[in-house]
Amino acid sequence: MRPTPALAAGRRTVANLLSATEWMLPSPASQVHTISVLPSQSPTSRHEFAFSNLTTSLGNGGGKGVEEGSPRFHLVRDDLLHQLTNGNKARKLDALLPLLRRRGATDIVTCGGCQSAHAAAVAVHCAERGIMSHILLRGEQLDVPTGYNLISLMFGNVTYASRSLYAQRDEMLYEHATKIAGSNGTVMWADDIIGEDLVVDEDTTYYGNCLRRVMIVKEGAGSVQALLGVMRLVDYLSGMILFGQDENVHIVVDSGTGTTAVGLALGAVCLGLQWRVTAVMLADTLERYRQQEKSLLSDFEKLYPGIFHRVVENDTHGSLVQWVERSSPRRFEDRQRPRASVGGSHAVVGPGEVLPSRKETHRPISLESTSTIQPRRQRGRKMNQPG
Ligand SMILES: *Cc1c(COP(=O)(O)O)cnc(C)c1O
């Protein structure tokens, strides 16, 4: 179907918006791996899988191991975006952090569970940009910090919050931010940067009088500016040779706050792609996910009314994402460790750590898999070992 002139204009506006945005990540590129399902050669297994790295095989016609015509799916390896942070967490900060910086943020306050990948991402990326991060983690300090908890401790100012305090999240965040701001500083919610001109640079010395300018980012960066980074990923993926403009791509993604799923779906609609997004609900009820979708879309409408009315409203009738229950429950063998996987049977395209086999699927990121901090750990081990 040919888009109407209004739709086409709307899509050009989206492309302009993405190219005018200041990003945190130097490039939107992600590796895409292709898994083919082949008929089994062995009586003991039902399927065999062949693997190829599409990103490196582009241009030489498909790549080794992928059989033409066999069923296949692709994995977006956003887990490889950064050594210390999870892919979709970095995507959600991609437009948000530069925006907060431009608004003069000296300090950022956010919160998460004890092993929050979001909290770790905020800590690391703030440290990279010279912003102080203040992380409120639910529960108590671990005896031996591991995984994302350790990363938050290394790069951010971590405070532990009791479960009862954490239950009143907004009050907790605001109170903490007020303390950091002190009597001369200011506090602002990142979500409140709406309806202002986001593209124009601001003179940050304007805030020179305030000692501190503290900005609050919601848990999981579940706010509208987080959508832009995910839309940027869709834009990148749509430019890859394997996905033709008219191809019906079906994206399957894990959902915590649901922000990534909404960003993917919104990106597809705004860029005029016939893609659909199925989101596997992990953390909440269907009603809450629908509510989150509505609230993000309504904030998007406030921020970009032109795009919304020309493109989104027409195409979607208010609902972009197909929310589905997970078919098998998630297992948490060790609650102290990060959730670093996208659900096995559903993984077609996922934003995070995607590991191939069932056994591997739930393997948490541990010190051993984080190469930059491995040497220290090995030294420690040697010292403890007799002989
Ligand atoms: C955080 C996370 C999600 C959930 O993202 P939301 O935007 O909160 O829905 C899904 N998968 C992985 C691997 C994650 O780290």
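- In the annotation of an unreviewed UniProt entry, the chain is listed under the name Tryptophan synthase beta chain-like PALP domain-containing protein and assigned to Panicum virgatum.
- As recorded by UniProt, the Sequence similarities (unreviewed entry) comment attached to the chain reads in full: "Belongs to the ACC deaminase/D-cysteine desulfhydrase family."
- Per UniProt, the chain carries the Cofactor (unreviewed entry) text "pyridoxal 5'-phosphate".

## Quick word on the overall build of the chain
- Along its length, the chain carries 14 helices and 11 strands.
- Within the span of the chain, comprising 387 residues, buried residues form 40% of the whole.
- When contacts within the chain are restricted to residue pairs at least 6 apart in sequence, those whose partners lie at least 24 apart make up 76%.

## Re the packing of helix H3 (residues 87-94) against helix H5 (residues 117-128)
- Interaxial distance between H3 and H5 falls to 9 Å at its minimum, and their mutual angle equals 55°. One finds that H3 runs oblique with respect to H5. Once H3 is placed against H5, the crossing between them reads as right-handed. Along the contact surface, H3 presents Lys 89, Ala 90 and Leu 93, while H5 presents Ala 117, His 118, Ala 121, Val 122 and His 125.
- Split by residue class, the contact of H3 with H5 holds 5 nonpolar, 2 polar and 1 charged.

## Overview of the nonpolar core
- In terms of nonpolar packing, the biggest core is built from 85 residues, with Leu 227, Ala 265, Leu 266 and Val 277 touching the most fellow members.
- Broken down by element, the residue count for this core peaks at 9 residues, all from helix H9 (residues 224-238).
- The residues that make up this core include at least three from each of domain 1 (5-84 + 225-361) and domain 2 (87-223).

## Quick word on helix H1 (residues 5-20)
- Under the 1.5 Å per step criterion, the end-to-end length of H1 is 22 Å for 16 residues, consistent within 8% with the ideal 22 Å.
- Within the span of H1, buried status applies to Gly 10, Val 14 and Leu 18. Projected down its long axis, H1 carries its buried residues within an arc of 80°, all on one side. Seen from the buried face of H1, the exposed residues on the opposite side, beyond 90 degrees, are Pro 5, Arg 12, Asn 16, Ser 19 and Ala 20.

## Some points on the sheet that holds strand S10 (residues 276-281)
- The sheet built from 3 strands is open, its strands ordered S9-S10-S11 with parallel pairing. Where the open sheet ends on each side, the last strands, each with one partner, are strand S9 (250-255) and strand S11 (321-325). Between one strand and the next, the sheet's axes are offset by a mean angle of 30°, whatever the strand orientation.
- On top of the sheet, helix H11 (residues 286-303) reaches S9, S10 and S11; it is set at about 160° to S11, its chief contact.

## What to know about the confidence of the model for the chain
- Confidence in the prediction for the chain averages 79 pLDDT; 71% of positions are at 70 or higher.
- Across residues 197-206, confidence stays below pLDDT 50; counting only partners more than four residues off in sequence or on other chains, it has 6 contacts.
- Counted against residues more than four places away or in other chains, residues 333-387, with its pLDDT under 50, gives 91 contacts.

## Structural notes on the packing of H5 against helix H6 (residues 147-155)
- One way to put it is that H5 packs onto H6 with a least axis distance of 8 Å and a crossing angle of 30°. One finds that H5 runs roughly parallel with respect to H6. For the crossing formed where H5 meets H6, the hand is left-handed. Taking contact as the criterion, the partners of Ala 117, Ala 119, Ala 120, Ala 123, Val 124 and Ala 127 in H5 are, on H6, Tyr 148, Ile 151, Ser 152 and Phe 155.

## Remarks on unusual backbone geometry
- Of note in the backbone geometry, Ala 221 takes a positive phi value of approximately 45° without being a glycine.
- Following the sequence through the fold, Ala 221 ends up in the loop between strand S8 (213-216) and H9.
- Residue Ala 221 is classed as buried on the basis of its C-beta count, with 26 C-beta atoms lying within 10 Å.

## Description of the sheet that holds strand S4 (residues 107-112)
- Pairing in this open sheet of 5 strands is parallel, and the strands run S6-S5-S4-S8-S7 from one edge to the other. Looking along the sheet, the strands with just one partner apiece sit at the ends: strand S6 (157-161) and strand S7 (186-189). Ignoring strand direction, the axes of neighbouring strands in this sheet form an average angle of 20°.
- Two strands pair when backbone bridges link them, and S4 and S8 are joined in this way by 3 bridges, in the parallel orientation. Note that in S8 the partner of Asp 107 across the bridge is Val 214.
- In the packing of H5 onto the sheet, contacts are made with S4 and strand S5 (132-138), and the angle to S5 comes to roughly 165°.

## Here's the deal with the environment of Ile 193
- Within the secondary structure, Ile 193 sits in the loop between S7 and S8.
- Spatially, the C-alpha atom of Ile 193 lies 8.9 Å from that of Gln 225, the residues being 32 residues apart in sequence.
- Leave out the neighbours within four places in its chain, and Ile 193 touches Leu 99 and Arg 103.

Conventions adopted
- Each chain carries its own residue numbering, running from 1 in the direction its sequence is written.
- Per-residue local features of the predicted model are confined to residues with pLDDT of at least 70, and side-chain atom pairs are confined, for both listing and counting, to 80 or more; whole-chain, interface and lining totals are unaffected and use all residues.
- UniProt positions are given in the numbering used here, feature names are shortened, and annotations may be inferred rather than shown by experiment.
- Only DSSP runs of H or I reaching four residues or more are called helices, and only runs of E reaching two or more are called strands; each is numbered from the N terminus.
- With C-beta atoms placed from the backbone, the exposure class of a residue follows from how many other C-beta atoms lie within 10 Å of its own: 20 or more, buried; 12 or fewer, exposed; in between, partly exposed.
- Whether two residues are in contact depends on their C-beta atoms, placed from the backbone: they are in contact if these lie within 7 Å.
- The axes are straight lines fitted to the C-alpha atoms, using for helices just the contacting stretch, and the angles between their N-to-C directions are given from 0 to 180°.
- Orientation is classified from the angle alone, with under 35 degrees giving roughly parallel, over 145 giving roughly antiparallel, 65 to 115 giving roughly perpendicular, and any other angle giving oblique.
- For a crossing to be left-handed, the near helix must be turned anticlockwise from the far one by less than a right angle; the clockwise case is right-handed.
- Gly is put with the polar residues, along with every residue not named as nonpolar or charged; the nonpolar set is Ala, Val, Leu, Ile, Met, Phe, Trp, Tyr, Cys and Pro, and the charged set is Asp, Glu, Lys and Arg.
- Put simply, a nonpolar core is a cluster of buried Ala, Val, Leu, Ile, Met, Phe, Trp, Tyr and Cys residues tied together by C-beta atoms within 7 Å.
- An automatic or database domain assignment supplies the start and end points of every domain.
- Helices are assigned an expected span. That span is 1.5 Å times one less than the residue count.
- Directions from the helix axis toward the C-beta atoms define the arc.
- Any two strands between which DSSP finds at least two bridges are classified as paired.
- For every residue, the predictor states its confidence as a pLDDT score lying anywhere from 0 to 100.

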